[in-house]
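Residue-level structural notes
If you want the building blocks of each chain, they are given just below.
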Amino acid sequence: AEKICKTYNLDNTSKILQLGCEKGFLLHDIKNIYPKINIEGIDMSEYAIQNSLVSIKKYLKVGKYTKLNFKNNKFDFVLAIGVVYSLNLADAINCLKEIIRVSKGKSFINLSSYKNKNDYWLFKNWTLLGTTLLKEKEWIEVLKHVNYKGHYYFTDSKSLQLKSK
């Protein structure tokens, strides 16, 4: 939370959105750093939102990542960890377009990637929700296609330290 706030120059006047907020632990930690910060979280899981931290439950809601019910440029920062690649390719593209639309330009996403067949199957066998698994250069083409300018990180079998049995 501290690193995110520092990297993206967030403070008590900032507005942030987390897609895939789950039970809200990260937003809770950010709110502890900056008590007046405006936070909002979206998750597709009703269970996660219903069982979220009481301290921030009012800031969280169930929703779709492909159709965000927010005005253009509302957020100073949008965070989506484990979200984009959990969608099929068409929905991943729509999600990226929505992130671009609702943010003022600062965002961070992670994307599942692989370099070879072994990496592909290591990741595919590990992930429960990963649907769109592309090579890094393919993701870069997708990002160019939607004109995504935010930060991104490639999650792969090496970064997750996955190994074959």
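Right above here is the structure, for reference.
Each value, and the rule that gives it
- Residues numbered from 1 in each chain as written.
- Predicted model: local features only at pLDDT ≥ 70, side-chain atom pairs only at ≥ 80, totals over all residues.
- Heavy atoms only, no water.
- Buried < 20%, exposed > 50% of the residue type's maximum accessible area, 1.4 Å probe, protein only.
- Helix = DSSP H or I, 4+ residues; strand = E, 2+ residues; numbered from the N terminus.
- Pairing = 2+ DSSP bridges.
- Right-handed = clockwise from strand over helix to strand, strands pointing away.
- Core = buried A, V, L, I, M, F, W, Y, C linked by side-chain atoms within 4.5 Å.
- Contact = heavy atoms within 4.5 Å.
- Phe/Tyr/Trp six-rings, centres within 6.5 Å; stacked < 30°, edge-to-face > 60°.
- Axes fitted to C-alpha atoms, helices over the stretch in contact; angles between N-to-C directions.
- Parallel < 35°, antiparallel > 145°, perpendicular 65-115°, else oblique.
- Left-handed = near helix turned anticlockwise from the far one by under 90°.
- Nonpolar A, V, L, I, M, F, W, Y, C, P; charged D, E, K, R; others polar.
- Salt bridge = Lys/Arg side-chain N within 4 Å of Asp/Glu carboxyl O.

1. Re the pairing of strand β2 (residues 38–43)
With five of its six residues buried, β2 lies for the most part within the structure. Relative to β2, strand β1 (residues 15–19) is paired through five bridges, and the arrangement is parallel. The residue bridging Q18 from the neighbouring strand is G41, located in β2. The parallel pair β1 and β2, bridged by helix α2 (residues 25–33), forms a crossover whose chirality is right-handed. Pairing of β2 with strand β3 (residues 60–62), which is carried by three bridges, proceeds in the parallel orientation. The residue of β3 that forms the bridge with D43 is V62.

2. Here we look at the nonpolar core
Counting 31 residues, the largest nonpolar core has L17, L19, V84, I99, I109 and W139 as the members making the most contacts within it. The set of elements that each furnish at least two residues to this core consists of β1, β4 (77–80), α4 (89–102), β5 (107–114) and α6 (136–146). Sorting elements by how many residues they give to this core places α4 first, with six residues. The contacts of I109, once residues within four sequence positions are left out, are A80, V84, L96, I99, L143, Y148, H151, Y152 and Y153. The next biggest cluster of nonpolar side chains, apart from the first, holds 15 residues, and it includes I4, I37, I49 and L79.

3. Description of the packing of aromatic side chains
Here the structure, examined in full by the defined rule, presents seven aromatic pairs. Between F70 and F75, the ring centres sit 4.9 Å apart and the planes meet at 85°, which makes this aromatic pair edge-to-face. Classification of F70 by relative accessible area gives buried; the value is 10%. Overall, F75 belongs to the buried group, its relative accessible area being 0%. Ring centres 5.6 Å apart and planes at 55° place the aromatic pair F123 and W126 in the tilted group. With F123 and W126 both in helix α5 (residues 117–126), this residue pair falls three residues apart, about one helical turn.

4. Section: the packing of α4 against α6
Taken N-terminus to C-terminus, the directions of α4 and α6 make an angle of 50°; their axes are 10 Å apart at the nearest point. If you check the angle between α4 and α6, you find them oblique. The hand of the α4/α6 crossing is right-handed. For the pair α4 and α6, the contacting residues are L89, A92, I93, L96, K97 and I100 in the first and W139, V142, L143, H145 and V146 in the second. Split by residue class, the contact of α4 with α6 holds nine nonpolar, one polar and one charged.

5. What about the pattern of salt bridges?
Pairs may arise between side chains of opposite charge once their charged atoms sit close together. Taken as a whole and assessed by the stated rule, the structure comprises six salt bridges. As a salt-bridge pair, R101 and E98 come within 2.9 Å of each other at their nearest N and O atoms. A residue pair is termed a helical-turn pair when its members lie 3 or 4 positions apart in one helix, as R101 and E98 do in helix α4 at three residues. Residue classification places E98 among the buried residues on the basis of a relative accessible area of 12%. One network of salt bridges, in which partners are shared, links K115, E136 and D156.

6. A look at the environment of L87
Positionally, L87 belongs in the loop between β4 and α4. For the pair L87 and Y65, spaced 22 residues apart in the sequence, the C-alpha separation amounts to 9.0 Å. Beyond its immediate chain neighbours, meaning those up to four positions away, L87 contacts Y65, T66, A92, C95, T131 and T132.

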